[in-house]
Amino acid sequence: MTEPGNPAAVVDLQARLGLEANLEGGFYRQTYESVEEVTTPMGLRPAMNSIFYLLTSRSRIGSLHRNRSDIAHFHHVGGPATYFLVSPDGEVTEVVLGSDYLAGEVPTFTAPGGCWKTSWIGVSDAIDCLISEAVVPGFCYDDHEMATLDGFAKEHPTLFDRFRPLIAHAES
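Residues numbered from 1 in each chain as written. Predicted model: local features only at pLDDT ≥ 70, side-chain atom pairs only at ≥ 80, totals over all residues. Heavy atoms only, no water.

The element strand 5 (residues 49-55) is extensively covered by neighbouring structure, given that 7 of its 7 residues are classed as buried. Side chains Asn49, Ile51, Tyr53 and Leu55 project from strand 5 onto one buried face, and the interleaved Ser50, Phe52 and Leu54 project onto a second face that is buried too. Judged from the 6 bridges that link them, strand 2 (residues 27-33) and strand 5 form a sheet pairing that is antiparallel. In the strand pairing of strand 5, Tyr32 is matched with Ser50. The pairing of strand 5 with strand 12 (residues 129-136) spans 7 bridges and is classified as antiparallel. Across the sheet, Asn49 pairs through a bridge with Val135, a residue of strand 12. (Buried < 20%, exposed > 50% of the residue type's maximum accessible area, 1.4 Å probe, protein only. Helix = DSSP H or I, 4+ residues; strand = E, 2+ residues; numbered from the N terminus. Pairing = 2+ DSSP bridges.)

Okay, structure coming up:
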């Protein structure tokens, strides 16, 4: 088996796991969707679903976006991947998902529904990062929103300059 940072391993992971390009950046594939449904304010949703998500040196940024549902993240291999979460009241939290626990990295965390979220792996030390995400209630594109420059500036004017590159990335 090749190492996760090796370009051959990226192709291998993408092919072996059947991953396709994600509109946020990186690559993904749904791995589970419950047949049980729950009622939400937006209508019926699967009780839960999950995906593989891969950031690579070729697609290293998950653009700023938010979802109505809570999303649990689980580290598998590679990384680390850094996440910023922006709560509705503007509180910013940084989480580093990885396996170096002595350095403060965590193997799992949950992004609360309604928070803006962005992720990336570093440029100079980029090692592909494979994670899983579990969404409860299950993911639906009607509950998903990509940040726009105008929208984020109006919602969080004091944070706009800090997050502009992670929004502009999605709009380019």
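Once that is clear, we can look at the sheet that holds strand 12. Taken in spatial order, the 6 strands of this open sheet run 1-2-5-12-7-10, and their pairing is antiparallel. Two strands lie at the open edges of the sheet, namely strand 1 (20-21) and strand 10 (108-111), each paired on one side alone.

All right, on to the sheet that holds strand 6 (residues 61-67) then. Across the sheet, which stays open at both edges, the 5 strands sit in the order 9-8-11-6-13 with antiparallel pairing between neighbours. Of all the strands in the sheet, just strand 9 (92-97) and strand 13 (144-146) have a single pairing partner and so form its edges. Each strand of the sheet is rotated relative to its neighbour by a mean of 25°, with strand direction disregarded. Here strand 8 (residues 81-86) runs beside strand 9; their pairing, made up of 6 bridges, is antiparallel. In the strand pairing of strand 9, Tyr83 is matched with Val95. (Axes fitted to C-alpha atoms, helices over the stretch in contact; angles between N-to-C directions.)

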